[in-house]
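What follows is each chain in one-letter form.
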Amino acid sequence: MGERLTVYVSAIAMVFLFPYILTMAVNGRYGAYASQISNVSTGKDVLIEIEGANMLMDVEQYIAGVLPGLVDPESDIKIIEAQAVAVRTKIYYEMGEETVVSASKLGFSYYSKDDLILRYGRSKYKKVRNVYETATLNTLQQISK
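Cut-offs used in this document
- Residues numbered from 1 in each chain as written.
- Predicted model: local features only at pLDDT ≥ 70, side-chain atom pairs only at ≥ 80, totals over all residues.
- Heavy atoms only, no water.
- Pairing = 2+ DSSP bridges.
- Helix = DSSP H or I, 4+ residues; strand = E, 2+ residues; numbered from the N terminus.
- Axes fitted to C-alpha atoms, helices over the stretch in contact; angles between N-to-C directions.
- Contact = heavy atoms within 4.5 Å.
- Salt bridge = Lys/Arg side-chain N within 4 Å of Asp/Glu carboxyl O.
- Buried < 20%, exposed > 50% of the residue type's maximum accessible area, 1.4 Å probe, protein only.
- Parallel < 35°, antiparallel > 145°, perpendicular 65-115°, else oblique.
- Left-handed = near helix turned anticlockwise from the far one by under 90°.
- Nonpolar A, V, L, I, M, F, W, Y, C, P; charged D, E, K, R; others polar.
- Core = buried A, V, L, I, M, F, W, Y, C linked by side-chain atoms within 4.5 Å.
- Patch = residues over 30% accessible without salt bridge, like charges linked within 9 Å, V, L, I, M, F, W, Y side chains within 5 Å.
- Areas by Shrake-Rupley, 256 points an atom, 1.4 Å probe, with all protein chains shown as cover.

So what's going on with the sheet that holds strand β3 (residues 100–102)? Which residues, and what values?
Across the sheet, which stays open at both edges, the 3 strands sit in the order β2-β1-β3 with mixed pairing between neighbours. Edge strands, defined here as strands with exactly one partner in the open sheet, are β2 (53–58) and β3. Taken pair by pair, the neighbouring strands of this sheet meet at an average axis angle of 35°, ignoring direction. Along the sheet, helix α3 (residues 59–66) contacts β1 (45–50) and β2; its crossing angle with β2, the most-contacted strand, is approximately 105°. Helix α4 (residues 77–95) rests against β1 and β3 of the sheet, and its axis sits at about 100° to β3.

Written out as structure tokens, the structure reads:
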């Protein structure tokens, strides 16, 4: 009877743990942040042209998209975070009291999903994107004084 109970408990545990293990294997350590950055809304936006269309993008999403042009994803996370703060500080400085600034005024290159796939390959794209998004989220709305 004891063995049967152990088998049932183990089977139930696997039913609940398997999806978690699979999610961690697919998304990796930074997977939780990836879905969060698209939900961030600071009320400050960057006007950017992507594929011929102008669009407003939250400052935090924009920062995650310019970091690939400024710092290597293999760098220490603290270095990437420091760069995120520096970029945010420049953006806020250029904005002044406004809530929107044109990307052309900032002088950064923005890397879209397709740009990252071309640069790092499809197999590394998610990991690289998550590194930059994590650094951005870890420093959310922090600026240099």
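An account of the pattern of salt bridges is requested, with residue identities and associated values reported.
Scanning the entire structure with this criterion turns up 4 salt bridges. Between Arg88 and Glu60 there is a salt bridge, and its shortest N-O distance comes to 2.7 Å. You can see Arg88 sitting in helix α4 and its partner Glu60 sitting in helix α3, a full 28 residues away along the chain. Across the pair, exposure class does not vary: Arg88 and Glu60 are buried alike. Two residues, Lys90 and Glu94, come together in a salt bridge whose shortest N-O distance is 3.6 Å.

Tell me about the packing of α3 against helix α7 (residues 122–138), and please be specific about residues and values.
Between two packed helices, both the angle of their axes relative to each other and the distance between the axes serve to describe the pair. At a minimum axis distance of 8 Å, the contact between α3 and α7 shows a crossing angle of 135°. What the angle tells us is that α3 and α7 run oblique. As for how α3 packs across α7, the hand of that crossing is right-handed. Along the contact surface, α3 presents Glu60, Ile63 and Ala64, while α7 presents Tyr132, Glu133 and Thr136. Of the residues in the contact of α3 with α7, the class split is 3 nonpolar, 1 polar and 2 charged.

Describe the nonpolar core, with residues and values.
Grouped together as the largest cluster of nonpolar side chains are 26 residues, with contacts concentrated most on Val46, Tyr62 and Ile91. Residue assignment for this core shows that the elements contributing at least two residues are β1, α3, α4, α5 (103–106), α6 (113–120) and α7. When residues in this core are grouped by element, the largest group, 6 residues, is from α4. Beyond its immediate chain neighbours, meaning those up to four positions away, Val46 contacts Met55, Leu56, Met57, Val59, Tyr62, Ile91, Val101, Ser102, Ala103 and Leu106.

Tell me about the environment of Ser102, and please be specific about residues and values.
Considering the arrangement of structural elements, one finds Ser102 in strand β3. Each C-alpha atom of the pair Ser102 and Asn54 lies 9.9 Å from the other, and the pair is 48 residues apart in sequence. The residues touching Ser102, leaving out its near neighbours within four places in the chain, are Val46 and Leu47.

Go over unusual backbone geometry with me, naming the residues and quoting the values.
Located in the positive-phi region is Glu51, a residue other than glycine, with phi close to 50°. By the secondary structure assignment, Glu51 is in the loop between β1 and β2. In this structure Glu51 comes out as exposed when scored by relative accessible area, which is 75%. In this structure, Gln141 is a non-glycine residue whose phi angle is positive, near 60°. Checked against the element boundaries, Gln141 lands in the segment after α7.

Give me a nonpolar patch on the surface: which residues, what numbers.
Residues Leu47, Leu56 and Val100 make up a contiguous nonpolar surface patch of roughly 230 Å² in combined accessible area. Structurally, Val100 can be placed in strand β3.

Taken by themselves, the reported measurements are silent on function.
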